[in-house]
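Breakdown of the fold
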Amino acid sequence: MKMKRTLQYSIKLIVVLCCATIGFAQDNTAANDTIVYKQSYGLRIGGDLYKLVRTALDDEYSGFEINGDYRLTKRWYLAGELGTEEKTTTTDFLDVTTSGSYFKAGVDYNFYRNWLNMENMIYGGLRVGASTFKQELNDFTIYDVNNGVFGQFSPDRPQEFSGLTAIWGEVIFGFKAELVNNLYVGVNAQLKMLVSDDQPDNFENIYIPGFNKTYDSGSFGFGFGYNVSYLIPIYKKDKKVTLPKEE
Amino acid sequence: MNKLNKILLLLLVITSTNCERDDICAEGTLTTPQLVINFNNVTSPEDSKNVVALTVTPLDDMGNDLPSILTSSTVNTISVPLRIQDETETDPITTSYKLIKNAGSETEENTDIINITYTTEFIYVSRACGFRSIFNLDPNTQTAFNVDVDGDNWILSFNIDNFTIDNENEAHITIFH
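Overview of the structure. (Residues numbered from 1 in each chain as written. Chains lettered and ligands numbered in written order. Predicted model: local features only at pLDDT ≥ 70, side-chain atom pairs only at ≥ 80, totals over all residues.)

1. Regarding the nonpolar core
Soluble, globular proteins show a tendency: their nonpolar side chains are buried together. Of all hydrophobic cores here, the largest spans 24 residues; its most connected members are Leu 35 and Ile 37 of chain B. At the level of elements, strand E1 (35-40), strand E2 (51-59), strand E4 (77-80), strand E5 (93-101), strand E6 (110-126), strand E7 (130-137) and strand E11 (173-176) of chain B are the ones that each hand at least two residues to this core. The element that contributes the greatest number of residues to this core is E1 of chain B, accounting for four residues. With residues near it in sequence (within four places) discarded, Leu 35 of chain B still touches Ser 79, Val 80, Leu 82, Ile 116, Ile 165, His 172 and Ile 173 of chain B. In terms of nonpolar packing, the next biggest core, distinct from the first, is built from 13 residues, Leu 94 and Ile 142 of chain A together with Ile 84 and Phe 122 of chain B among them. (Core = buried A, V, L, I, M, F, W, Y, C linked by C-beta atoms within 7 Å. Buried ≥ 20, exposed ≤ 12 C-beta atoms within 10 Å, placed from the backbone. Helix = DSSP H or I, 4+ residues; strand = E, 2+ residues; numbered from the N terminus. Contact = placed C-beta atoms within 7 Å.)

Below is the structure:
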């Protein structure tokens, strides 16, 4: 609930910011039919704020992600993420800690036709993700519906399943808004599909770093992020804007 | 802004539908089985025969009575849970039950003690159910299943039908009386 509210709040904030920027931009109109704006091209580097906040608040999670994109053309960006995660999953019968690192690479496409000199993004993207990780089975309780007679049994014998890898594909949707000069905030949601993963012997991958929780029902996964990033401008390119003629 | 709103809505829907429906172990899932014992007629071994007023009492590892799991019921089959030990233990474990026939009758009550000796094996089921245990009866038939001799046994003989206790679909032991 708290997360949802934060998300709603941030979206409102960003929408307000977008509108504010549009307001300023409109003052910029000149008498000419065509105006040339300089657009920054460069490397945008950032981090996932959500993972940091969750690390601070959730005892069973710690994670860190840096992400970046490089603008190729007016609409296309090369994009990637690099991170580590450690997550403990506890159910009535299992206590598992998954830890490892992941790498995702792909492209983003900006659908948003920016007003004038704005450089915001509403984008969709594709990623290929890969993770190497291990799972530690800290403890488990044998599932026995008749345990009323002799009691429950937990072996209290940690096991480690290491050297595991997973590969998945990902569709990502999100936006990035320029908060102040070259500083961006964004939200994105990811829909993932597992392509292959090493299943440990007599166990399964409960969680995969970068992919998040796995589901019994299929190979899909979900994720989202709140990003803060900074654009390091490398060069500028002209953007020509043709204004409608005033009668 | 209309397009932006639509995409924001989509994002909200995607991020808030992370439900957790894999977390309850479904009924009917094959989990830790019980030992199934059938009671057959000693004179015609193919035919089942009811045991009159049977009380089934588990014994703890010191041989003391635990609460009965069946009391004075007339049945031709019973399912009894087995004690679990870690699968890494190489020494087999024994679970014992008191089978009391004609329970409650002052003159006819007859108690026999059965001992089942086995090792365990843990099998992963799912994230919701965790692991289940199956049981492998001791390959030594003398110890896998036996009945304490007390000079007045109502259990006259038995047969081990299945050395692997993996499910409850079929009897593992048949007792003749």
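2. Examining the pairing of strand E3 (residues 76-90) of chain A
All names here are of chain A. As paired elements, strand E2 (residues 61-71) and E3 share 11 bridges and run antiparallel to each other. Residue pairing in the sheet places Gly 68 in a bridge with Gly 80 of E3. Following E2, the chain reverses through four residues before pairing antiparallel with E3. With 15 bridges connecting them, E3 and strand E4 (residues 94-110) associate as antiparallel partners. (Pairing = 2+ DSSP bridges.)

3. Here's the deal with the environment of Val 147 of chain B
All names here are of chain B. Residue position: Val 147 is located in strand E8 (residues 145-147). Sequence separation between Val 147 and Lys 98 is 49 residues; the distance between their C-alpha atoms is 9.9 Å. In contact with Val 147, other than residues within four places in its own chain, are Asp 112, Ile 114, Asn 153, Ile 155 and Phe 158.

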